[in-house]
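Reading the structure
Listed below are the residues making up each chain.
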Amino acid sequence: MGNMLNVYLFGKRYQVPEGLTIMTAMEYAGYELVRGCGCRNGFCGACATIYRIKGQVELHGCLACQTEVEEGMYVATLPFFPLEKRVYDINEIKPNEQIMMQLYPEIYSCIGCNACTKACTQELNVMQYIAYAQRGEYEKCAEESFDCVMCGVCSSRCPAGISHPQVAMLARRLNGKYIAPECSHLSDRVGEINEGIYDEKMAELMAKSVDSVQELKDMYNNREIEQ
C-alpha cells in the first residue's frame, strides 16, 4: 500500500495511503460521498475544499478530486457556498457599465487584496476579471473567466463579499448575447430543437435503461455525424 499519511478529515485523524486524492482518501477513511463529489474530474466545482498543513498558517483552496493528500493535512469541504445570484432577464439588460452597478455593486468595493486569485482552484486571475467587469469590458472578463467552475472558493475568501463566479457568468452571458459575433449554425440548430425535430430521437434515448451501457455506446459510435 506504500507510505501511510496522517490526515485530519473534519477534525478526526486517519491514516491513508500516499498518492490518494482528498476525495478518494475520504472514501478510504469510510466516508460515503453523497454530496460534494460531482463529476470527479475537475470540471463541476462541486468538491470545493479548504485545507491547512499542520505547522503552517496558510489556508489553501482546492478541488478534492484533483488534489493529493499530504502529511499533516487538515481538510474541510465546502459542499455549498452561498453565492449571491441576482435575478435578471438577459433579453432586457444591455452590456453597459451600469448593469454591473445595478446587479453586483459590491464589485466596486474590491480592495485589491488578491485573495480571490490566490484561492482559485483553477489558477485564474480572478481579481483581473473583476477589474474588467468594473470597467464594463465584458468580452475580456468573459475570456479571463472562461475556465471558472463556480466552486465558490474565491468568494469564501473575499472580504468585500463579492460573488465572483456569478459576476463572471453575467459577463459571459452579456458577451454571448450582445458582443460576440452571431453563430448562424448555432441559431439554426436551436431553431430545429424548438421545432421538435429531435424530439423522437431524444425520447428513444431517454427510454434506454442505464444498464444498457453497450447499447448506448453503439448508438454514440454509430450516430450520424455532420460533415
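Residues numbered from 1 in each chain as written. Predicted model: local features only at pLDDT ≥ 70, side-chain atom pairs only at ≥ 80, totals over all residues. Heavy atoms only, no water.

It is worth spelling out the environment of Tyr 88 at this point. Tracing the backbone shows Tyr 88 in the loop between β5 (73–77) and α2 (97–103). It is 8.4 Å that separates the C-alpha atoms of Tyr 88 and Leu 103, two residues lying 15 residues apart in sequence. A distance of 3.0 Å separates a polar atom in the side chain of Tyr 88 from a polar atom in the side chain of Arg 173. (Helix = DSSP H or I, 4+ residues; strand = E, 2+ residues; numbered from the N terminus. Polar contact = N/O pair within 3.5 Å; in protein donor to acceptor, adjacent residues only side chain to side chain.)

A word on the nonpolar core. Val 7, Ile 22, Met 23, Val 69 and Met 73 are the most contacted members of the largest nonpolar core, which has 27 residues in total. At the level of elements, β1 (4–9), β2 (12–17), α1 (22–28), β3 (48–53), β4 (60–63) and β5 are the ones that each hand at least two residues to this core. Ranked by residue count, the leading element in this core is α1, at 4 residues. Among all residues touching Met 73, those that are not within four sequence positions of it are Asn 6, Val 7, Tyr 8, Ile 22, Tyr 51, Arg 52, Ile 53 and Glu 68. Listed in part, the 25 residues of the second largest apolar core include Ile 93, Ile 130, Cys 141 and Cys 148. (Core = buried A, V, L, I, M, F, W, Y, C linked by side-chain atoms within 4.5 Å. Buried < 20%, exposed > 50% of the residue type's maximum accessible area, 1.4 Å probe, protein only. Contact = heavy atoms within 4.5 Å.)

As a further point, take the sheet that holds β5. If you walk across this open sheet you meet the 5 strands as β2-β1-β5-β3-β4, and the pairing is mixed. Bordering the open sheet on either side are β2 and β4, each of which pairs with just one other strand. Strand-to-strand twist in this sheet, taken as the mean axis angle between neighbours without regard to direction, amounts to 35°. (Pairing = 2+ DSSP bridges. Axes fitted to C-alpha atoms, helices over the stretch in contact; angles between N-to-C directions.)

With that out of the way, let us pick up the state of the cysteines. Across all of its chains, the model carries 0 disulfides by this definition. Here Cys 39 is not cross-linked by a disulfide; its sulfur's nearest cysteine counterpart is in Cys 44, at 3.7 Å. You can see Cys 65 has no disulfide; the closest cysteine sulfur is in Cys 47, sitting 3.7 Å from it. Taking the relative accessible area as the measure of exposure, Cys 65 reaches 15% and is therefore buried. (Disulfide = S-S within 2.5 Å.)

This is a description of form; function is not addressed.
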